[in-house]
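Each chain, written out:
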Amino acid sequence: MKLLYKTTQNFLLAMAVILSIAGIALYLLLRQEVTAEIKEQLELQADLVADQVAQGKTVNFPLTTVSEVSADFLPDKRLGDTLIYDRLQRENEGYYYLTLVKKVNLRNYQITVMTSYIGWERYYKTIFISFLGVALWMAFFGVLINYYSNRKIWKPFFLNLENLKQFSVRSAQPLQWHDSTITEFKELQYSLKDLTERSRREYLALREFTENASHEIQTPLGIIQSKLDRMSQLEVSEEMARYIVQAKSGVERLSKMNRNLLLLAKLDNQVYLEKQLIRVDELLGQHLEQMEELFSVRNMTLSTNLCPVTVKSDRYLCDILLSNLLSNALRYSPSLGEIVIFISEQQLIISNPGSALDFPPEHLFDRFTKSANHTQGTGLGLAIVHQICLLNGWTIAHSYRMGVHYFSIDFN
Amino acid sequence: MKLLLIEDEPLLMDEMEAYLTEQGYRCEKAMSFEAGEDKIALYEYDVVILDITLPGGNGLALLQMLKKQHSEAGVLIVSAKDSLNDKLVGLNLGADDYMTKPFHLEELNARVNALVRRKSFKGNAQIIIDDLIIDPVAKTVFYKETLVNFTKKEYELLLYFIVNKNRVVSKQSIAEHLWGDHYDMADNFDTVYVHTMNLRKKIAAHTGIDYIKTVYGMGYKFTSA
């Protein structure tokens, strides 16, 4: 539930309770006051009637009765209510009456005076209606004021929140914050500002570190490689030659691994975001032309069914994706195998024969997953393919049926 | 041919200098940004081999300096950063080629050679080994008057051998030159073997001379006087 709704709801609830209590209290208070007032008025009227009786006049007040009673009537006062038929309105109306016995000129008179009152029900109704009116107006304006003032107060907060959702440590510019006059929001803003700046700085430092690490590792590798090359120019024994070749192949692997790890780091950091339109079938054609001999030497056949497809991706990454998939197919198929490549509008499927995976298939795209029979690879090729697919919003799947591996990439 | 090598790693510099000097280039060395700056300002070179990460500054700034002087020198960037961005920036600034460390010296030599040929002869130079005549523009090879038919890869391989003649060229180096380093061949260099054998047979069939020698498991060597 949105905060604004919650506070409004609470406000309305509190108001309903307060108004009902106030209404009831008002009703009770009013009733007490009015009753006391009526009683005073009736007593005054009775007193006036008694005066007139004393002066020997005929009492002629409306709704007043005076009758002489025997002397043993004790002087007492009785207040009550009664119904009297109203001839004009043709209905019974509620009246208060006061009956008292007074001694006037040594005679006892019983005097009854009456006055009408608006029925309590009507009081109740009037109070209820007027309070309901007040409640409605207050609710309406209260909600309105609450809503708009809250919206104004919370606006910087929501803008900053939206900002934060878009935030990425990769973005070149620091975030633009919207200032608020509220202390709590200010504090929040300062801490968020600090947090984002710090993560951006750390990210940049990490990226710099990756670059530096690359430089620091590639250069010594270059030295080792060039010195091994130098050694192989010398007259060496066959045994020595073998060691040199083995050392060279180790260096080769290391340098490849380093390059792949760097590429993965860059993919993780989403450094490659320059997408352009690429004809996958044409790019694949170029790769196949380049690789032709690699297949033919191993007597592998290549069947292709390429239909023109354009995708949006970084060209360099698309290149790497295709070459990694093709190298993979080349490496793990036996001689005389048939590699089938199929491209349709939505899909790229590369299939090659090969033995079943000797590790759980769900680890296929993990880093450093290698088959026990092929330890020479870096174990990063398919991880890179997977990462590139993720970056382009493509899905890659692998399946193994009847001795054939199928790798399919869905472009949508 | 005068070369300027700008590289801060002395051990690598030694190798580059030794091999390129052996190939008949006059090499001068600069081991820092300032040294490179001085040399570029004072002398003319045919080819400048430029490391990007240098003590004292960025190699790309030296490239800009060269271009500001309207230098005719071909520029080959040699960088430890395998970054597409650097490559694009370098090439946009007017570099002729870009290589990533670690590299094979034969590859460096082949690229310098191609650069020199492109720059100084506008690509018209023929390469002549005994009676073999190679035309790098038409990409054809003649033995005396007869055209020798090579596949594209065989031709590239022959040129690579000739440029690096009298040097043991490793199979890795050949594989990378012909197929690029994207294709991980998992230490299986059958393809290199098959191509070299085909090349050898074709040349021997025409000339009667076997120029290419196998050196143990290490690679091949194109020998000619």
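The following refers to the structure shown. (Residues numbered from 1 in each chain as written. Chains lettered and ligands numbered in written order. Predicted model: local features only at pLDDT ≥ 70, side-chain atom pairs only at ≥ 80, totals over all residues. Heavy atoms only, no water.)

1. A look at the overall build of chain A
The condition is simple: Each helix is a run of DSSP H or I of at least 4 residues and each strand a run of E of at least 2, with the numbering of both proceeding from the N terminus. Each residue's exposure class comes from its accessible area (1.4 Å probe, protein chains only) as a fraction of the maximum for that residue type: buried when under 20%, exposed when over 50%, partly exposed otherwise. By definition in these notes, contact holds between two residues if any of their heavy atoms fall within 4.5 Å. Only the protein chains shown count as covering a residue, and every accessible area follows the Shrake-Rupley method with a 1.4 Å probe.
Secondary structure assignment for chain A yields seven helices and 11 strands. For chain A, the proportion of its 412 residues judged to be buried stands at 38%. When contacts within chain A are restricted to residue pairs at least 6 apart in sequence, those whose partners lie at least 24 apart make up 65%. Carbon together with sulfur atoms contributes 57% to the accessible area of chain A, which is approximately 24900 Å² in total.

2. Structural notes on the side chain of Glu7(B)
All names here are of chain B. Formally: Between N or O atoms, a polar contact is any pair within 3.5 Å; within protein, one atom must be a potential hydrogen donor and the other a potential acceptor, and residues adjacent in sequence are included only when both atoms are from side chains.
As for its placement among the helices and strands, Glu7 is situated in the loop between β1 (2-6) and α1 (10-22). At 3.0 Å, the side chain of Glu7 forms a polar contact with the backbone nitrogen of Glu9. A distance of 3.1 Å separates the side chain of Glu7 from the side chain of Lys101, its partner in a polar contact. The contacts of Glu7, once residues within four sequence positions are left out, are Leu12, Met13, Met16, Ala30, Met31, Asp51, Leu54 and Lys101.

3. Regarding the sheet that holds strand β2 (residues 26-30) of chain B
All names here are of chain B. For clarity, the cut-off: Strand pairing is assigned whenever DSSP detects at least two bridges linking the two strands. Axes here mean lines fitted to C-alpha atoms, for a helix over just the part in contact, with angles spanning 0 to 180 degrees between N-to-C directions.
Taken together, the five strands give an open sheet; going across it, the order is β2-β1-β3-β6-β7, and neighbouring strands pair in parallel fashion. Either end of the sheet is taken by a strand with one partner, and the two such strands are β2 and β7 (97-100). Neighbour-to-neighbour, the strand axes of the sheet open up by a mean angle of 20°, direction not taken into account. Packed onto the sheet, helix α3 (residues 59-68) meets β1, β3 (47-51) and β6 (74-79) and runs at close to 155° relative to β3.

4. Regarding the nonpolar core
The tendency in soluble globular proteins is for nonpolar side chains to be buried as a group. Selection rule: Think of a nonpolar core as a cluster: buried Ala, Val, Leu, Ile, Met, Phe, Trp, Tyr and Cys residues, connected wherever their side-chain atoms sit within 4.5 Å.
Counting 76 residues, the largest nonpolar core has Leu321(A), Leu325(A), Leu348(A), Ile409(A), Leu158(B), Phe161(B) and Ile174(B) as its most contacted members. For this core, the leading source of residues is helix α6 (residues 315-332) of chain A, giving 10 residues.

5. Some details on unusual backbone geometry
Cis geometry is found at the peptide bond from Lys101(B) to Pro102(B), where omega equals -5°. Although it is not a glycine, Phe368(A) adopts a positive phi angle of roughly 60°. With respect to the helices, strands and loops of the structure, Phe368(A) is situated in the loop between β9 (347-353) and α7 (381-392). On the accessibility criterion, Phe368(A) (43% relative accessible area) is partly exposed.

6. Quick look at the interface of chain A and chain B
Bring the parts together and some accessible area is lost; that lost area is often taken as the interface size. Rules: What counts as buried area is the accessible surface, traced by a 1.4 Å probe, that two parts surrender upon association, with contributions from both included. What counts as a salt bridge is simple: a side-chain nitrogen of Lys or Arg found within 4 Å of a carboxyl oxygen of Asp or Glu.
Across the boundary between the two partners, chain A contributes 43 residues, which contact 43 residues of chain B. Buried surface at the junction of chain A and chain B, summed over both partners, amounts to about 4200 Å²; 54% is from carbon and sulfur atoms. Where chain A meets chain B, there are three salt bridges. The residue Glu15(B) makes a salt bridge to Lys227(A) at a minimum N-O spacing of 3.0 Å. If you look at where chain A meets chain B, you find 10 residue pairs in polar contact (both at pLDDT 80 or more). Those elements that place two or more of their residues in the side of chain A that touches chain B are α3 (183-233), α4 (238-268), α5 (280-297) and α6 of chain A. Among the elements that line the side of chain A that touches chain B, the one with the most residues is α3(A), at 15 residues.

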